[in-house]
Amino acid sequence: MFAWNRNNHFLRIMSGYGKGKKIAGTLSCVMLVLGFLSLYARSRNDIVVDQPGTVRTTPVSIVNLDDSLNYQARPNVPTRTTWNAPIMWELMFDANLYDRTHKEANTSVAMTVFAVGRYLDAYLHKFLYSAENHFMLGLPVTYYVFTDLPEQVILNFTLGPQRNLKVVRVDRHSRWQDISMMRMKTISEIIENELQNRFSYVFCFDVDQEFKARFGSEALGDSVAMVHAHYYRLPKESFTYDRNPKSKAYMDQGDYYYHAAIFGGTCENVKALADFCYLNIMEDKLNNVEALWHDESHLNKYFWLHKPSKLLSPEYCWDLIIHDESDILIKRLVWAPKEYEKVRT
């Protein structure tokens, strides 16, 4: 990881010589190039739990599966985007058809989740236990847990058949915002070094969530975005995009407001998203800018420029503090109660 405080201090020192701006600009370019190259360097993460996963390199084509969707089943909510991507709601799909097709295609799924610092004790066990009961049941799944405390990842339950766990050591940053933003670099590296030749799809989750019902193969797609539960009913003018023109995440318009707690797709597409977000975060840091909602702001910019092929409705990630649940027929995943004063100190 880059030590940004030290690098920025170095830039300030160097910019004091001569005209300064030319040197600082050159150094900025060099650092961006080094950052890009680092995405393709071999990962130095320490894998402490290693169980063999299922090899699968070619994802099943789900075009025909999505053609089977009943877009009229939910007349009170949007079920399709302007670019004809489905928005997945309960009653729209035949779960058995999706599961049967993906099983026949030997689809395999990698899940990444970060449990750094006190997030590990507060959330990880419940997250993984609930995933074992609801996430992609019947398909091979490998959980990739990124933590600074690998020796403390101890499961008191047995993983199901074709379910595996890998614990990967990562550094802990002093600010939770940096932990959140720098996960994009780690996701890109693990895809490059391991996932792309082993899994059909990868899903990336925040750890402070709990599965409550089926989160199944109907959610798989080439590029999958999560519609934010707090914004899906609001007018676009209320979306909290980054409005700072100095940030690479700047947006003055968009389609939806997406939640960075969940995103997924093929390894190629998720890596492209992670690279985009990481490099733009780096450039912002060089310019002493931080996007309003950190990696989520950059993720929204990416999906504005590169439309997702599938959207998940708020049924796939619901916040229980929202009183109006009239659109929500099933809560597949819910936000865990927030304990920021405990986990962010």
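The shown structure was predicted, so the numbers you read here are calculated from the model rather than taken from an experiment.

Cut-offs applied
- Residues numbered from 1 in each chain as written.
- Predicted model: local features only at pLDDT ≥ 70, side-chain atom pairs only at ≥ 80, totals over all residues.
- Heavy atoms only, no water.
- Helix = DSSP H or I, 4+ residues; strand = E, 2+ residues; numbered from the N terminus.
- Contact = heavy atoms within 4.5 Å.
- Buried < 20%, exposed > 50% of the residue type's maximum accessible area, 1.4 Å probe, protein only.
- Arc of directions from axis to C-beta.
- Polar contact = N/O pair within 3.5 Å; in protein donor to acceptor, adjacent residues only side chain to side chain.
- Expected span 1.5 Å × (residues − 1).
- UniProt positions renumbered as here; feature names shortened; annotations may be inferred.
- Axes fitted to C-alpha atoms, helices over the stretch in contact; angles between N-to-C directions.
- Parallel < 35°, antiparallel > 145°, perpendicular 65-115°, else oblique.
- Left-handed = near helix turned anticlockwise from the far one by under 90°.
- Nonpolar A, V, L, I, M, F, W, Y, C, P; charged D, E, K, R; others polar.
- Pairing = 2+ DSSP bridges.
- Right-handed = clockwise from strand over helix to strand, strands pointing away.
- Phe/Tyr/Trp six-rings, centres within 6.5 Å; stacked < 30°, edge-to-face > 60°.
- Lys NZ or Arg CZ within 6 Å of the ring centre and 35° of its normal.

## Quick notes on the environment of Val 153
Stage number 1. Relative to the assigned elements, Val 153 resides in the loop between strand 4 (141–147) and strand 5 (163–169).
Stage number 2. Note: C-alpha distance between Val 153 and Val 167 (14 residues apart in sequence) is 7.6 Å.
Stage number 3. If sequence neighbours within four positions are ignored, Val 153 has contacts with Leu 120, Leu 124, Val 145, Thr 147, Leu 165 and Val 167.

## Examining helix 4 (residues 95–104)
Stage number 1. Those residues of helix 4 lying buried are Tyr 98, Asp 99 and His 102. Take helix 4 and look down its axis: the buried residues cluster within an arc of 95 degrees, on one side only. Residues of helix 4 that are exposed and point over 90 degrees away from its buried face: Asn 96 and Glu 104.
Stage number 2. N-capping of helix 4 is provided by Asp 94, with a side-chain oxygen placed 3.1 Å from the backbone N of Asn 96.
Stage number 3. Once helix 4 ends, the next one or two residues include Asn 106, with phi positive near 60 degrees.

## Regarding helix 5 (residues 119–134)
One turn of an α-helix holds 3.6 residues; hence residues three or four places apart share an orientation.
Stage number 1. With 16 residues, helix 5 ought to run about 22 Å at 1.5 Å a step, and its terminal C-alpha atoms sit 21 Å apart, in line with that.
Stage number 2. Residues Tyr 119, Leu 120, Tyr 123, Leu 124, Phe 127, Leu 128, Ser 130, Ala 131 and Glu 132 constitute the buried set of helix 5.
Stage number 3. The first or second residue beyond helix 5 is Met 136, which carries a positive phi of 50 degrees.

## So, the UniProt feature "active site" (unreviewed entry) in the protein
Stage number 1. Under the present numbering, the feature "active site" (unreviewed entry) in UniProt falls on Glu 296.
Stage number 2. Mapped onto the secondary structure, Glu 296 falls in helix 8 (residues 295–305).
Stage number 3. A residue is classified by how much of its surface remains accessible, and Glu 296, at 11% relative accessible area, is buried.
Stage number 4. Once you skip the residues sitting within four places of it in the chain, Glu 296 turns out to touch His 228, Tyr 257, Tyr 258, His 259 and Ala 260.

## Notes on the packing of helix 7 (residues 267–286) against helix 8
Stage number 1. Here helix 7 crosses helix 8 at 125 degrees, and the two axes come no closer than 9 Å. Taken as axis vectors, helix 7 and helix 8 run oblique relative to one another. As helix 7 runs across helix 8, the sense of the crossing is right-handed. Across the interface between the two elements, Asn 269, Ala 272, Leu 273, Phe 276, Cys 277, Asn 280, Ile 281 and Asp 284 from helix 7 touch Asp 295, His 298, Leu 299, Lys 301, Tyr 302, Phe 303 and Leu 305 from helix 8.
Stage number 2. For the contact of helix 7 with helix 8, the class distribution of residues is nine nonpolar, three polar and three charged.

## A few points about the pairing of strand 3 (residues 109–114)
Stage number 1. Among the six residues in strand 3, six count as buried, and that is most of the element.
Stage number 2. By the alternation rule, side chains of strand 3 split into Val 109, Met 111 and Val 113 and Ala 110, Thr 112 and Phe 114, which are all buried.
Stage number 3. For strand 3 and strand 4, the ladder comprises six bridges, and the chain directions are parallel. Paired with Val 113 across the two strands is Val 145, which belongs to strand 4.
Stage number 4. Once you follow strand 3 into helix 5 and on to strand 4, the crossover reads as right-handed.
Stage number 5. The pairing of strand 3 with strand 6 (residues 201–205) spans five bridges and is parallel.

## Let's talk about the packing of aromatic side chains
Stage number 1. According to the stated counting rule, one finds 28 aromatic pairs in the structure shown.
Stage number 2. On the basis of an interplanar angle of 35 degrees and a centroid distance of 5.8 Å, the ring pair of Tyr 241 and Tyr 257 is categorised as tilted. Of the two residues, Tyr 241 sits in the loop between strand 8 (223–227) and strand 9 (258–265) while Tyr 257 sits in the loop between strand 8 and strand 9, which places them 16 residues apart along the sequence. With respect to burial, Tyr 241 and Tyr 257 carry one shared label: buried.
Stage number 3. The rings of Phe 127, Phe 135, Phe 203, Phe 205, Phe 211, Phe 215 and Tyr 316 are connected pair by pair, giving a single aromatic cluster.
Stage number 4. Residue placement shows Arg 332 over the ring face of Tyr 316; its charged tip is 4.9 Å from the ring centre.

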